[in-house]
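# Residue-level structural notes
For reference, the chains in residue letters:
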Amino acid sequence: MPDTPLIPVAKPWIGEAEADAARRPILAGWVTQGPEVAAFENEFAAYVGSRYACAVSNCTAALHLALRAVGVVSGDEVITVSHSFIATANSIAYCGAVPVFVDIDANTFNIDPNRIEAAISPRTSAILCVHQMGMPCDMEALLKIAQVHGLPLIEDAACAIGSEVRYDGRWERIGRPHGQIACFSFHPRKIVTTGDGGMITTSDPELDRRVRLWRQHSMSISDTVRHQATRVTFEAYPELGFNYRMTDIQAAVGREQLKRLPEIIERRRDLAARYSRLLAELRNIIPPPEPCFARTNWQSYCIRTERTQQACIMQHMLEHGIATRRAIMCSHREVAYGTPDSWRCGSPGCLKVNGSCEHLRNSEYAQDCGIILPLFHEMTYAEQDRVVECLREAVDRPENMPAALVCARSSTDHLTSA
Ligand SMILES: *Cc1c(COP(=O)(O)O)cnc(C)c1O
């Protein structure tokens, strides 16, 4: 191992301001879903430009409530991508519905709007798109399809805080929202964090009312209202609810993180542009493109290489003190979605073979060929240069590659264990 310190793949920018903020609710004595959560919701809504924002315990909970709120029920189908963190598909399964996987666009790694209509069936009740790694989907194209077929559009914006999309000739932040509901994550792997946490934004008062009720056991009178009441009141539970609350301690931290957000995005865009310039001359490495309708926050910077090189390059970099991650997973290749009825392919008449699917070729390619490089707010140019140099060594001199790894791993090898 080298004596130079390890460069992590990601690291939250968090410190004294957040530590101080966390003292507020602790010393005030109101520690869950109280005034700090309400203030965080208002500030978040103002930032993304939405009418409502409802804080919850994490983005997976947000997606579950969002799908339920637009009416997804047991036996329904929801059109989405396999190429996403597994929580996307899981949120559909929580509703008793079946995820219908549509392939991604090979450039943006987001749902390919041209493949959606073929996937629509009489049981389709929603479209769940993912702004993967912060890169906005083509919202104009998606909304056109959703409107023609009368389907609600939910946005998995877990990674996309601060990303912008060109819509109606203007740049707008993800989360306005453009579909019916957008869901955000504050997990430490995203660009701002509350430890864990999520946010649901919408412009529809009825959708906001539903998710707000369900996040706290469907309690008809909230703690805050009861606390302030001058007359004795008894709450009721009109329907099934959940405990998906955010704490005031998390919200206090989140309010400080929001203040840092503009600086975080500026720095990430600067580092990403610098990566793309430096990587342009490397053999067999393709930097991630940004489509003309999108301004990403670069939650992840994912290069593309050859299938046979992915693990070797990652191992070489690890041995030189640089952490990387394999690109986004494919849910359809996981054992959790290994049974024939746990998902459906969006291409009619598809015969799934061995967990693999010929219609999800771009998704599988993205998983097998992508490498996420280190990118975090406090990363220095010197650290970035080290990453690029190490990558150059790996692709220029294959003899540097660790001999222990079989570098000609075939793209389907990993399926034999499933
Ligand atoms: C992180 C992530 C989630 C889950 O977010 P949590 O807050 O950890 O529940 C869902 N979808 C995508 C695309 C993600 O990246």
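Residues numbered from 1 in each chain as written. Predicted model: local features only at pLDDT ≥ 70, side-chain atom pairs only at ≥ 80, totals over all residues. Heavy atoms only, no water.

Moving on, we get to the sheet that holds strand β14 (residues 370–373). The three strands are arranged β11-β14-β12 in an open sheet whose pairing can be described as antiparallel. Two strands close off the open sheet at either side, each with one partner strand: β11 (301–304) and β12 (325–326). Relative to the sheet, helix α10 (residues 361–369) contacts β11, β12 and β14, its axis offset from that of β14 by approximately 50°. (Pairing = 2+ DSSP bridges. Helix = DSSP H or I, 4+ residues; strand = E, 2+ residues; numbered from the N terminus. Contact = heavy atoms within 4.5 Å. Axes fitted to C-alpha atoms, helices over the stretch in contact; angles between N-to-C directions.)

Attention shifts here to the side chain of T194. Summarising the element assignment, T194 is placed in the loop between β8 (181–185) and β9 (198–202). Residue classification places T194 among the buried residues on the basis of a relative accessible area of 8%. Of note is the side chain of T194, whose polar atom sits 2.6 Å from the backbone oxygen of D196. Not counting the four nearest positions on each side in its chain, T194 is found in contact with F40, F186, M246, Q250, V253 and G254. (Buried < 20%, exposed > 50% of the residue type's maximum accessible area, 1.4 Å probe, protein only. Polar contact = N/O pair within 3.5 Å; in protein donor to acceptor, adjacent residues only side chain to side chain.)

As a matter of local geometry, the ligand sits amid 15 residues, with C59, T60, D156, S185 and K190 nearest to it. For the ligand, an oxygen atom lies 2.5 Å from a polar atom in the side chain of T60. Here the ligand, which alone exposes 390 Å², has 91% of that area covered by the protein. Of all the secondary structure elements, the ones that give two or more residues to the shell around the ligand are α3 (59–69) and α4 (87–94). For the shell around the ligand, a count of residues per class yields six nonpolar, seven polar and two charged. (Near = heavy atom within 4 Å. Areas by Shrake-Rupley, 256 points an atom, 1.4 Å probe, with all protein chains shown as cover. Nonpolar A, V, L, I, M, F, W, Y, C, P; charged D, E, K, R; others polar.)

Take unusual backbone geometry next. Glycine aside, residues mostly have negative phi, and peptide bonds are mostly found in the trans state. A cis geometry characterises the amide bond from R176 onward to P177, with omega recorded as -10°. Even without a glycine there, the phi angle at F109 is positive, about 60°. In this fold, F109 is placed in the loop between β3 (98–101) and β4 (124–130).

Within the open sheet, the eight strands sit side by side as β1-β9-β8-β5-β4-β2-β3-β13. Their pairing is mixed. Because the sheet does not close on itself, it has two edges, and the strands there are β1 (52–56) and β13 (344–345). Its contacts with the sheet place helix α6 (residues 205–214) against β1, β8 and β9, and it is angled at close to 15° to β1.

Taken as a whole, this structure holds nine aromatic pairs when the rule is applied. Centroid distance F101 to Y337: 6.4 Å. Interplanar angle 70°. Geometry classified as edge-to-face. Placement of F101 in strand β3 and of Y337 in the loop between β12 and β13 is noted, with a sequence separation of 236 residues between them. Relative to Y301, the ring of Y275 has its centre 4.8 Å away and its plane inclined at 20°; by these criteria the two rings are stacked. With Y275 in helix α8 (residues 248–279) and Y301 in strand β11, this pair connects stretches of sequence that are 26 residues apart. (Phe/Tyr/Trp six-rings, centres within 6.5 Å; stacked < 30°, edge-to-face > 60°.)

As a further point, take a nonpolar patch on the surface. Together, I26, L27, V31 and I249 line one region of the surface with nonpolar side chains, adding up to about 350 Å² of accessible area. Residue position: L27 is located in helix α1 (residues 16–28). (Patch = residues over 30% accessible without salt bridge, like charges linked within 9 Å, V, L, I, M, F, W, Y side chains within 5 Å. Salt bridge = Lys/Arg side-chain N within 4 Å of Asp/Glu carboxyl O.)

Next up on the list: the side chain of Q384. Mapped onto the secondary structure, Q384 falls in helix α11 (residues 381–396). Owing to a relative accessible area of 0%, Q384 belongs among the buried residues under this scheme. Here the side chain of Q384 touches R274 through a polar contact of 2.9 Å, side chain to side chain. Apart from residues lying up to four places away in sequence, Q384 is in contact with L271, R274, Y275 and M379.

With 32 residues, α8 should cover 46 Å at 1.5 Å per step; its first-to-last C-alpha distance of 43 Å lies within 8% of that length. Along α8, the largest kink reaches about 45° and is centred on R260; proline P262 follows within four residues of it. (Expected span 1.5 Å × (residues − 1). Bend = angle between axes of the 7 residues up to and from the residue.)

Here β14 shows a buried face lined by G370 and I372 and a second buried face lined by I371 and L373. Bridge analysis of β11 against β14 gives four bridges, and the strand direction is antiparallel. Within β14, the position partnered with R304 by the bridge is G370. Here β12 pairs with β14 via two bridges, running antiparallel. Bridging from a neighbouring strand, R325 pairs with I372 of β14.

In the predicted model, the chain carries a mean pLDDT of 93, and the fraction of residues at 70 or more is 94%. Scored below 50 in pLDDT, residues 404–418 makes 18 contacts in the model with residues more than four places away or belonging to other chains. (pLDDT = per-residue confidence, 0-100.)

Let us look at the pattern of salt bridges. Side chains that differ in charge, positive against negative, can pair when their charged atoms come close. The tally for this structure, following the rule as stated, stands at 27 salt bridges. A salt bridge links K259 to E256; the nearest nitrogen and oxygen atoms lie 3.0 Å apart. One end of the pair is K259 and the other is E256, both in helix α8 and three residues apart, which spans about a single turn. You can call E256 buried: its relative accessible area is 12%. D270 is the salt-bridge partner of R267, the closest N and O atoms lying 3.5 Å from each other. A residue pair is termed a helical-turn pair when its members lie 3 or 4 positions apart in one helix, as R267 and D270 do in helix α8 at three residues. Judged by its relative accessible area of 21%, R267 falls in the partly exposed class. A cluster of three or more residues bridged by salt bridges with shared partners is formed by R24, E36, E43 and R255.

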